Amino acid sequence: MIEQINSENKEKVISFFKEHWGSSEMIISSGIYKCENLDGFIYEENHQIVGLITYVIKCDEVEIISLDSILEGKGIGTVLIEKVENVAKQKQINIVSLVTTNDNLNALRFYQKRGYRITSIIPDAVNEARKIKASIPLIGNDGIPLNDELELKKII
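Let me begin by describing the structure that accompanies this report. Note on numbering: residues in each chain are counted from 1, in written sequence order. Given that the model is predicted, a residue must reach a pLDDT of at least 70 before its local features are reported, and side-chain atom pairs must reach 80 or more before they are shown or counted; all residues, however, enter totals for whole chains, interfaces and linings. Excluding hydrogens and water, the side-chain values take into account all heavy atoms of the structure.

## Observations regarding the overall build of the protein
Working step 1: Helix and strand content of the protein: 4 helices and 9 strands.
Working step 2: Note on contacts: a residue pair is in contact if any heavy atoms of the two residues lie within 4.5 Å. By sequence separation, contacts in the protein at least 24 residues apart represent 65% of the contacts at least 6 residues apart.
Working step 3: For the protein, the exposed area adds up to about 8600 Å²; of that, 48% sits on carbon and sulfur atoms.
Working step 4: Under the counting rule used here, the positive set is Lys and Arg, the negative set is Asp and Glu, and His together with the chain ends is not counted. All charge positions are set by atom: Lys at NZ, Arg at CZ, Asp at CG, Glu at CD. If you average the places of the 18 positive and of the 23 negative side-chain charges in the protein, the two averages end up 3 Å apart. Strands are runs of DSSP state E lasting at least 2 residues, helices are runs of H or I lasting at least 4, and numbering of each runs from the N terminus. Areas reported as accessible are Shrake-Rupley estimates using a 1.4 Å probe. Residue values count occlusion only from the protein chains shown.

Below, the structure is given as structure tokens:
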């Protein structure tokens, strides 16, 4: 079941972020976000969140702030991205963007398979975020030093 983030499921969303990210605060090059206050969708099975996406609407694009799928390979991330792309279409916005970190090879693979293109690299973005949120690790996935962000965009 997919539903929008709302006041009734907000506590569940906060718990999900705390469990999977340590907190609901995301610090990326485009800003600092409290994810439970963002628009988004949750994907639930048996009353448990197994997927979650948050986004912000800017004047000429929709930026995905977070995407999580607990059950990889089941199409949950794809369905959630399509929900956000449909929001963009409804609002007559034709660009969906996001940032990911240099170590997140799975995310880079996932997004590029769905039509997203790398449009820029933001050197030291993670190092700058770490100054605000010291809990961001120095080493990321596969032992890769966690330093930079990559921006991806899709024209829809």
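Structure shown, so let's carry the discussion forward.
## Let's talk about the nonpolar core
Working step 1: The definition of a nonpolar core used throughout is a set of buried Ala, Val, Leu, Ile, Met, Phe, Trp, Tyr and Cys residues joined through side-chain atoms within 4.5 Å. For every residue, the accessible area obtained with a 1.4 Å probe (protein chains only) is divided by the maximum for its type, and the residue is called buried under 20%, exposed over 50%, and partly exposed between those limits. Ranked by internal contacts, the top residues of the largest apolar core, which has 23 residues, are Ile-53, Ile-64, Tyr-111 and Tyr-116.
Working step 2: Listed by contribution, the elements that provide at least two residues to this core are strand E4 (39-45), strand E5 (48-57), strand E6 (62-69), helix H2 (76-90), strand E7 (95-101), helix H3 (105-113) and strand E9 (149-155).
Working step 3: For this core, the element with the most residues is H2, which contributes 6 residues.
Working step 4: Those residues in contact with Ile-53 that lie beyond four places of it in its chain are Ile-5, Asp-39, Gly-40, Phe-41, Ile-64, Ser-66, Leu-67, Leu-80, Ile-81 and Val-84.
Working step 5: Judged by nonpolar contacts, the second largest core, of 15 residues, contains Phe-16, Cys-35, Val-56 and Ile-65.

## Describing H2
Working step 1: For a helix, the expected span equals 1.5 Å multiplied by the number of residues minus one. In a regular helix each residue adds 1.5 Å, so 15 residues correspond to 21 Å; H2 covers 21 Å between its end C-alpha atoms and thus fits that length.
Working step 2: Listed as buried for H2 are Ile-76, Gly-77, Thr-78, Leu-80, Ile-81, Val-84, Glu-85, Val-87 and Ala-88.
Working step 3: At its buried positions, H2 is contacted by E4, E5, E6, E7, H3 and E9.
Working step 4: Positive backbone phi, at 60°, marks Gln-92, one or two positions downstream of H2.

## With respect to the packing of aromatic side chains
Working step 1: To pair, rings of Phe, Tyr and Trp, with the six-membered ring standing in for Trp, must have centres within 6.5 Å; the planes then decide the type, stacked if under 30 degrees apart, edge-to-face if over 60, and tilted in the middle. Here the structure, examined in full by the defined rule, presents 4 aromatic pairs.
Working step 2: Ring plane angle 20° and centroid distance 6.3 Å describe the contact between Phe-41 and Tyr-55, whose orientation is recorded as stacked. Taken together, the positions of Phe-41 in strand E4 and Tyr-55 in strand E5 put the pair 14 residues apart, joining distant regions of the chain. Just as Phe-41 is buried, Tyr-55 falls in that class too.

## Description of the sheet that holds strand E8 (residues 117-122)
Working step 1: Pairs of strands are assigned from DSSP output, requiring at least two bridges between the strands. Spatial ordering of the open sheet is given by E1-E4-E5-E6-E7-E9-E8, a layout of 7 strands whose pairing is mixed. Lying at the two open borders of the sheet, with one neighbouring strand each, are strand E1 (2-4) and E8. Each adjacent strand pair in this sheet contributes to an overall mean axis angle of 25°, direction not counted.
Working step 2: Sheet analysis places E6 next to E7, joined by 3 bridges and oriented parallel. Its bridge partner being in E7, Ile-64 is matched across the sheet by Leu-98.
Working step 3: Packed on one face of the sheet, helix H1 (residues 10-21) meets E4, E5 and E6 and runs near 100° to E5. Throughout, an axis means a line fitted to C-alpha atoms (over the contacting stretch in the case of helices), and angles, computed between N-to-C directions, take values from 0 to 180 degrees.

## Looking at the environment of Ile-65
Working step 1: By the element assignment, Ile-65 lies in strand E6.
Working step 2: The exposure class of Ile-65 is buried, given its relative accessible area of 6%.
Working step 3: In sequence terms Ile-65 and Leu-38 are 27 residues apart; their C-alpha atoms lie 8.7 Å from each other.
Working step 4: In this structure, Ile-65 is in contact with Met-26, Ile-28, Tyr-33, Cys-35, Leu-38, Thr-54, Tyr-55 and Val-56, ignoring residues within four places of it in sequence.

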